[in-house]
Amino acid sequence: MSDNRPGGSAPTVLRMVLGRRLRHLREQAGVSFEEAARAIDVTALTIRRIEKAEVGLRIPYVKELLAAYGVGASEIDDFLSLAREANRPGWWYKYRDVLPEWFSAYVSLESEASVIRLYEPHYVPGLLQTREYATALMRVGFPNKSREDIDRRVTLRLKRQDLLAKPDAPAVWAILEETVLRRPVGGTEVMRAQIAALREALELPKVRLQVMRFGAGAHPGAFGPFHHFRFGFSELPDVVYTESLAGAVYVDRPADVVSYLEVLDRMSVQAEPVSRTRAILDELREEL
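Residues numbered from 1 in each chain as written. Predicted model: local features only at pLDDT ≥ 70, side-chain atom pairs only at ≥ 80, totals over all residues. Heavy atoms only, no water.

Engineer: Help me understand the pairing of strand 3 (residues 207-212) in this model?
Structural biologist: Successive side chains on a regular strand alternate, one facing one side of the sheet and the next facing the other. Most of strand 3 sits inside the fold, with five of its six residues counted as buried. Sheet topology note: the strand 2 (residues 171-177)/strand 3 ladder contains six bridges and is parallel. Looking at the pairing, Val172 lines up with Val207 of strand 3. (Buried < 20%, exposed > 50% of the residue type's maximum accessible area, 1.4 Å probe, protein only. Helix = DSSP H or I, 4+ residues; strand = E, 2+ residues; numbered from the N terminus. Pairing = 2+ DSSP bridges.)

Below you can see the structure in the form of structure tokens.
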């Protein structure tokens, strides 16, 4: 996966998986990039881009490559069926007018993850925001956009939350700075409703929240927010996402991902235990 995605076509998770499967099949068959390229009359760079999911899976190309790698006819048919599915735009495609290309990859990862662990020092994670809270944030982030544009961005954010109600919903484990719960986004009533929504989210079997109190002092994650994704596909490694004003960074190098996981583990010990979260939320809501 490319580390920085300021533009270009963001792949679906399935396309990433199939790209890696093609690489594995090529290597297993002992076929070089150049030999694979000659099989479909393209450059070696194109083969690399197919395997990295940087381009769509053209069905005729995939069929010829699989044949060149010695894959059987029935397996080719199954692979091509998956390739056609992978080429279909994700549900978020219809929101492309308000969805930055670099964030499209995030939505794809989020939609297919089996585990999402994250640290947020500033705001409630998008998966857990109320409409009013999300609207207040969008108005600050996009002060020159129309009401219709803001509404569309908020609708996209709320649509992402549908995955929490699915039978195969991902396990979500979030560590929030106390600042997140005290920053008055949208005013008192919006914050009271948002904190109440977080408390309701704790009733979901796969949602865990921890609060990093001010009194915990310095901790290893204080450099900024980040999200870690794990998947049910053996071909797809864990991915860590961080963002800036201009784009995003997607990290999948194992040594780097392990560093982020170690930080999350250390922070989970330093933050208030999950068993205390309900009481903390009630306490903060009463203060509003």
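Structure's up, so let's keep going.
Engineer: Just checking my understanding: could you explain the pairing of strand 2 for this structure?
Structural biologist: Taking burial as the measure, the seven residues of strand 2 include six buried ones, the bulk of the element. One ladder, built from six bridges, connects strand 1 (residues 113-120) with strand 2; its direction is parallel. Following the sheet pairing, Ile116 is matched in strand 2 by Val172.

Engineer: Would you mind going over the layout of surface pockets with me for this structure?
Structural biologist: To find leftover empty space, a probe the size of one water molecule is rolled over the atoms. There is about 1100 Å³ of room inside the largest pocket. Along its surface, the largest pocket is lined by 33 residues, and Trp102, Phe103, Arg157, Tyr241 and Glu243 are the ones closest to its centre. Classifying every residue of the lining of the largest pocket by side-chain character gives 20 nonpolar, seven polar and six charged. Taken as a whole, the second largest pocket spans an internal volume of roughly 440 Å³. Around the second largest pocket, the lining is made up of 22 residues, and of these Val13, Ser108, Ser111, Glu112 and Lys166 lie nearest the centre. Elements that contribute at least two residues to the lining of the second largest pocket include exactly helix 1 (13-28), helix 5 (73-87), helix 6 (101-112) and strand 1. Top element by residues in the lining of the second largest pocket is helix 6. It accounts for three residues. Classifying every residue of the lining of the second largest pocket gives eleven nonpolar, five polar and six charged. (1 Å grid on protein atoms, 1.4 Å probe; cavity = no way out; pocket = protein on both sides within 12 Å on 5 of 7 lines; lining within 4 Å. Points joined across faces, edges and corners; volume = space filled by probe spheres on them. Nonpolar A, V, L, I, M, F, W, Y, C, P; charged D, E, K, R; others polar.)

Read these as geometric descriptors, not functional statements.
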